[in-house]
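# Descriptive structure summary
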Amino acid sequence: MNILLELFVVTFRVLWAFVLAAAKWLVRPKEKSVAGQVCLITGAGSGLGRLFALEFARRRALLVLWDINTRSNEETAGMVRGIYREMDEAVPRVAGDGEKDALPHRNLQVYTYTCDVSKREHVYSTAERVRKEVGEVSVLVNNAGVVSGHHLLECPDELIERTMMVNCHAHFWTTKAFLPKMLEMNHGHIVTVASSLGLFSTAGVEDYCASKFGAVGFHESLSHELKAAEKDGIKTTLVCPYLVDTGMFRGCRIRKEIEPFLPPLKPEYCVKQAMRAILTDQPMICTPRLMYMVTFMKSILPFEAVVCMYRFLGADKCMYPFIAQRKQATNNNEAKNGI
């Protein structure tokens, strides 16, 4: 009898979850504040990582930027400092004599660290520096990513390993470094920037797809572990965008008749959608929303039916032009250097 009662309760909760999800589509939830919280972003030197840094800076978070490229990371930090200065100049305060002066934002700073997230010990040592020099991290954005751009049999083993290390394994190291304090405080937010290629795959980028599938699996399992531990104060958000126009997959093409309806995403749009999801504690965000349907169809259709759809859309070989461009660029570079 108890199991029947529990089944009734579970059914009600499942239906109620559908109602709440539908309500969020109709009524936009209020965004939470991250002002003054320490936000760490990996791969902050360019692309989505840089845009995430600027968005969190506009919300007065204290930024910790990690990237393997010191120069580009410092460029991002300069942009963040510019936003801090603009906010500082825009907010007046009333002085004791009744005059208005600029109200400085308390302790708003940006810290940069050169870190190769593919190296476990480097991640742990850099994380220890962050704890000593900045404080405990409240928001962790695992964004760093690489792509080799080679067919499987043409891809050097070292590049395959690096893709897996940066795109997947690094999430384990950064999370292990900062999660203990989040658990102790029952407060924090872990963001995994994956890809639509972590939900469904395509030909020619086996290492990239595998790494993103791994990141998605890690994130989902971690989310379930936090729920099982009843740590509801620690939120998780999985970000799975379609092709983003950052240059990372330059040359990637689907069927030309379909392209106008499914163009590459503007990076700014992608990050704004992701920020809305993060600040409203949304567990997962796919952009555009059509990606939800593609993922659902891939899950229920026979494999041969999926192949037919891929071929119709031109998605089966969409990475081939990109791979060809990468190969040509590599050959040109080798010729230039006399290799």
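Details of the structure are given in the entry above.
As the structure is a computational prediction, the values presented were derived from the model and not from experiment. (Residues numbered from 1 in each chain as written. Predicted model: local features only at pLDDT ≥ 70, side-chain atom pairs only at ≥ 80, totals over all residues. Heavy atoms only, no water.)

### Section: the overall build of the protein chain
Along its length, the protein chain carries 10 helices and 9 strands. Over its C-alpha trace the protein chain gives a radius of gyration of 22 Å, about what one expects of a compact globule, namely 20 Å for 339 residues. Referenced to the eigenvectors of the C-alpha coordinate spread, the extents of the protein chain come out at roughly 75 × 75 × 40 Å. Here the protein chain holds 339 residues, and 43% of them are scored as buried. Intrachain contacts of the protein chain at a sequence separation of at least 6 include 70% that bridge at least 24 residues. As displayed, the protein chain offers around 19,000 Å² of accessible surface, 59% of which is attributable to carbon and sulfur atoms. Side chains of the protein chain give 41 positive and 36 negative charges; the mean places of these two sets differ by 3 Å. (Helix = DSSP H or I, 4+ residues; strand = E, 2+ residues; numbered from the N terminus. Rg over C-alpha atoms; globule rule 2.2 N^0.38 Å. Buried < 20%, exposed > 50% of the residue type's maximum accessible area, 1.4 Å probe, protein only. Contact = heavy atoms within 4.5 Å. Areas by Shrake-Rupley, 256 points an atom, 1.4 Å probe, with all protein chains shown as cover. Lys, Arg positive; Asp, Glu negative; His and termini not counted. Charge placed at Lys NZ, Arg CZ, Asp CG, Glu CD.)

### A short note on the sheet that holds strand E1 (residues 38-42)
An order of E5-E2-E1-E6-E7-E8-E9 is seen for the 7 strands of this open sheet, with the pairing classed as parallel. The open sheet is flanked by strand E5 (110-114) and strand E9 (284-287), the only strands paired with a single partner. Taking the axes of each pair of neighbouring strands and ignoring which way they run, one obtains an average angle of 15 degrees across the sheet. In this sheet, strand E8 (residues 234-241) lies alongside strand E7 (residues 188-193) in parallel orientation, the contact comprising 6 bridges. Residue Thr-192 lies in a different strand from E8, and its bridge partner there is Leu-238. Where helix H7 (residues 267-279) meets the sheet, it contacts E7, E8 and E9, and its direction lies at approximately 160 degrees from that of E9. (Pairing = 2+ DSSP bridges. Axes fitted to C-alpha atoms, helices over the stretch in contact; angles between N-to-C directions.)

### Let's talk about the pattern of salt bridges
Applying the stated criterion across every chain, the model contains 14 salt bridges. A salt bridge links Arg-59 to Glu-55, with the shortest nitrogen-to-oxygen separation between them at 2.8 Å. Overall, Arg-59 belongs to the partly exposed group, its relative accessible area being 27%. For Glu-55, a relative accessible area of 8% translates into the label buried. Ionic pairing is found between Lys-272 and Glu-55, a salt bridge with its closest N-O pair at 3.2 Å. Remark: Glu-55 occurs in helix H2 (residues 47-58) and Lys-272 occurs in helix H7; sequence separation between them is 217 residues. Residues joined in a network through salt bridges with shared partners are Glu-55, Arg-58, Arg-59 and Lys-272. (Salt bridge = Lys/Arg side-chain N within 4 Å of Asp/Glu carboxyl O.)

### Digging into the packing of aromatic side chains
A complete count under the given rule lists 6 aromatic pairs for this structure. When the centroid spacing of 6.1 Å and the interplanar angle of 55 degrees are considered together, the rings of Trp-66 and Phe-178 count as tilted. Of this pair, Trp-66 sits in strand E2 (residues 62-67) while Phe-178 sits in helix H5 (residues 157-185); the two residues are 112 residues apart in sequence, bridging distant segments of the chain. Pair check on accessibility: Trp-66 and Phe-178 agree, each one buried. A connected cluster of aromatic rings, assembled from ring pairs, spans Tyr-124, Phe-172, Trp-173 and Phe-218. (Phe/Tyr/Trp six-rings, centres within 6.5 Å; stacked < 30°, edge-to-face > 60°.)

### So, helix H6 (residues 206-228)
The terminal C-alpha atoms of H6, which comprises 23 residues, lie 33 Å apart, in line with the 33 Å expected from a rise of 1.5 Å per residue. For H6, the full list of buried residues reads Asp-207, Tyr-208, Cys-209, Ser-211, Lys-212, Ala-215, Val-216, Phe-218, His-219, Leu-222, Ser-223 and Leu-226. Structurally, H6 contributes buried residues whose contacts are with H5, E7 and E8. Positive phi shows up at Glu-230, right after H6, with a value of about 60 degrees. (Expected span 1.5 Å × (residues − 1).)

### Quick notes on the nonpolar core
Judged by nonpolar contacts, the single largest core of 63 residues is most densely connected at Ile-41, Phe-52, Phe-56, Leu-63 and Met-319. Those residues in contact with Met-319 that sit more than four places away from it in its chain are Leu-197, Thr-202, Ala-203, Val-205, Phe-249 and Cys-252. (Core = buried A, V, L, I, M, F, W, Y, C linked by side-chain atoms within 4.5 Å.)

### Quick word on unusual backbone geometry
Of note, the bond from Thr-287 into Pro-288 is cis; its omega dihedral lies within 30 degrees of zero at -10 degrees. Inspection of the secondary structure puts Pro-288 in the loop between E9 and helix H8 (290-300).

Purely geometric stuff here, so don't read any function into it on its own.
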